[in-house]
Amino acid sequence: PAPHLQSYKDRADRHTNLAARALLRCMDAKKTNLAVSVDVTRTKDFFDIIEAVAPYVCLIKTHIDILEDWEPSVTAKLQMLASEHNFLIFEDRKFADIGNTVALQYSSGIYKISDWAHIVNAHPVPGPSVITGLASVGMKSKETRGLLLLAEMSTKGALTTGNYTVDAVRMARQYREFVIGFIAQRRMEGVGASETDITAEEDFLILAPGVGLDAKGDAMGQQYRTPTEVVTECGCDVIIVGRGIIGTGRDIDVEVVKRQAQRYQAAGWEAYENRVAR
Ligand code: BMP
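Each value, and the rule that gives it
- Residues numbered from 1 in each chain as written.
- Predicted model: local features only at pLDDT ≥ 70, side-chain atom pairs only at ≥ 80, totals over all residues.
- Heavy atoms only, no water.
- UniProt positions renumbered as here; feature names shortened; annotations may be inferred.
- Helix = DSSP H or I, 4+ residues; strand = E, 2+ residues; numbered from the N terminus.
- Polar contact = N/O pair within 3.5 Å; in protein donor to acceptor, adjacent residues only side chain to side chain.
- Buried < 20%, exposed > 50% of the residue type's maximum accessible area, 1.4 Å probe, protein only.
- Pairing = 2+ DSSP bridges.
- Right-handed = clockwise from strand over helix to strand, strands pointing away.
- Axes fitted to C-alpha atoms, helices over the stretch in contact; angles between N-to-C directions.
- Parallel < 35°, antiparallel > 145°, perpendicular 65-115°, else oblique.
- Contact = heavy atoms within 4.5 Å.
- Nonpolar A, V, L, I, M, F, W, Y, C, P; charged D, E, K, R; others polar.
- Salt bridge = Lys/Arg side-chain N within 4 Å of Asp/Glu carboxyl O.
- Expected span 1.5 Å × (residues − 1).
- Phe/Tyr/Trp six-rings, centres within 6.5 Å; stacked < 30°, edge-to-face > 60°.
- Lys NZ or Arg CZ within 6 Å of the ring centre and 35° of its normal.

### Regarding the UniProt feature "binding site: substrate" (unreviewed entry) in the chain
Next, step 1: Under the local residue numbering, the UniProt record ascribes the feature "binding site: substrate" (unreviewed entry) to Asp39, Lys61, Ser154, Gln222, Gly242 and Arg243.
Next, step 2: Summarising the element assignment, Ser154 is placed in the loop between β5 (146-150) and α8 (162-174).
Next, step 3: One polar contact links Ser154 to Gln222, side chain to side chain, over a distance of 2.6 Å.
Next, step 4: With relative accessibility at 14%, the residue Gly242 sits in the buried group.

### Regarding the pairing of strand β8 (residues 238-241)
Next, step 1: Going residue by residue along β8, you find Val238 and Ile240 tucked away on one face and Ile239 and Val241 tucked away on the opposite face as well.
Next, step 2: Inspection of the sheet shows strand β1 (residues 34-37) paired to β8 by 3 bridges, in the parallel sense. Looking at β8, one finds that Val36 is bridged to Val241.
Next, step 3: Running through helix α9 (residues 227-233), the crossover from strand β7 (residues 205-208) to the neighbouring parallel element β8 is right-handed.

### Here's the deal with the packing of helix α3 (residues 43-53) against helix α4 (residues 72-85)
Next, step 1: Look at α3 against α4: their axes get within 12 Å of each other, and the N-to-C directions meet at 5 degrees. In terms of axis orientation, α3 runs roughly parallel to α4. Counted together, Thr43, Phe46, Phe47, Ile50 and Glu51 of α3 and Val74, Lys77, Leu78 and Leu81 of α4 form the full contact between these two elements.
Next, step 2: When grouped by side-chain class, the residues that make up the contact of α3 with α4 number 6 nonpolar, 1 polar and 2 charged.

### Focus on the pattern of salt bridges
Next, step 1: Inspection of every chain in the model, using the stated rule, returns 17 salt bridges.
Next, step 2: Linking Lys44 and Asp48 is a salt bridge whose minimum nitrogen-to-oxygen distance equals 2.6 Å. Placement of both Lys44 and Asp48 in helix α3 is noted, with a separation of 4 residues, approximately one turn of the helix.
Next, step 3: Given the relative accessible area of 26%, Asp48 is considered partly exposed.
Next, step 4: Of the charged contacts in the structure, one is a salt bridge between Arg173 and Glu202, with a shortest N-O distance of 2.9 Å. Residue Arg173 is located in helix α8, and its partner Glu202 is located in the loop between β6 (179-183) and β7; the two are separated by 29 residues in the primary sequence.

### Some points on α4
Next, step 1: Look at α4: 21 Å from first C-alpha to last across 14 residues, which is about the 20 Å you get at 1.5 Å a residue.
Next, step 2: Check the buried side of α4 and you find it contacts α3, β2 (59-62), β3 (88-95) and α6 (113-116).
Next, step 3: Backbone geometry just downstream of α4 places Asn86 in the positive-phi region, at approximately 55 degrees.

### Let's talk about the packing of aromatic side chains
Next, step 1: Counted according to the given criterion, the structure contains 7 aromatic pairs.
Next, step 2: A connected cluster of aromatic rings, assembled from ring pairs, spans Tyr8, Trp269 and Tyr272.
Next, step 3: One residue, Lys77, lies across the ring of Phe47, its end atom 4.3 Å from the ring centre.

### Quick look at the sheet that holds β3
Next, step 1: Ordered by their spatial adjacency, 8 strands build a closed barrel running β1-β2-β3-β4-β5-β6-β7-β8, and the pairing between neighbours is parallel. Along the sheet, successive strands turn relative to each other by an average axial angle of 25 degrees, direction set aside.
Next, step 2: Relative to strand β4 (residues 119-122), β3 runs parallel, the two being bridged by 3 bridges. The residue of β4 that forms the bridge with Phe90 is Ile119.
Next, step 3: Sheet strands in contact with helix α2 (residues 18-30) are β2, β3, β4, β5, β6, β7 and β8, and its direction is about 130 degrees off that of β3.

So this is what it looks like as structure tokens:
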């Protein structure tokens, strides 16, 4: 059967990339396909949110460069929490430059992303060299690292359509040891593939942003769908939720954050169970 009709556990047992395997294992063990996007600018809020949602997530998604009071101890603590609470870390860096530059942006600068992020993502726009550049760092790491390509975006008017998406999937197929899946809005197996392109062991994870239970969008082009639409109907594996959980106000209410995380975890898991039971 297609990957999205199999259980996360079976897929974990079969997956050859260690980061993908760890993520699927964690999803199965914690019964969650929820990733929380911790888009806040103060380190205190960042950790308050992570500690509140940790039991309910498989993945914490960061934009590390929006923290105004970042210091090296932040990423050290994040790593500690990840192993303590069993979740993976995804830095949403969206690399999009020549291979040499993305390798430096991944490994160096003040953030040294490859030291602590299990998963990163890249725009396919530069072509395959963006993958090989990042792989020159990620595949050397002793740790388990994986890359997601942005095959589709959630925003109104996104240019990630048609042949662009098809070519993104073709690129990923050439580098299956490092590219573990896509940021996308639906499954990608059928996209741009002739029968011979797809091998039985191909299992790309689909992580979908643009998920909300209460709002349809924001004032800046974001569009939301429900976990049922995203997971059951479109076959995505992980729901990425930011403001639906952390709220839009300046102050963080950890009790509300916790309740919303539980709510999205339950909705995401039910949507998954309805999918594999079909
Ligand atoms: P929110 O749920 O608050 O709309 O946040 C969505 C998060 O996912 C943001 O961090 C954004 O950068 C990211 N994202 C997205 O919304 N759409 C995409 O297509 C790709 C993204 O990484």
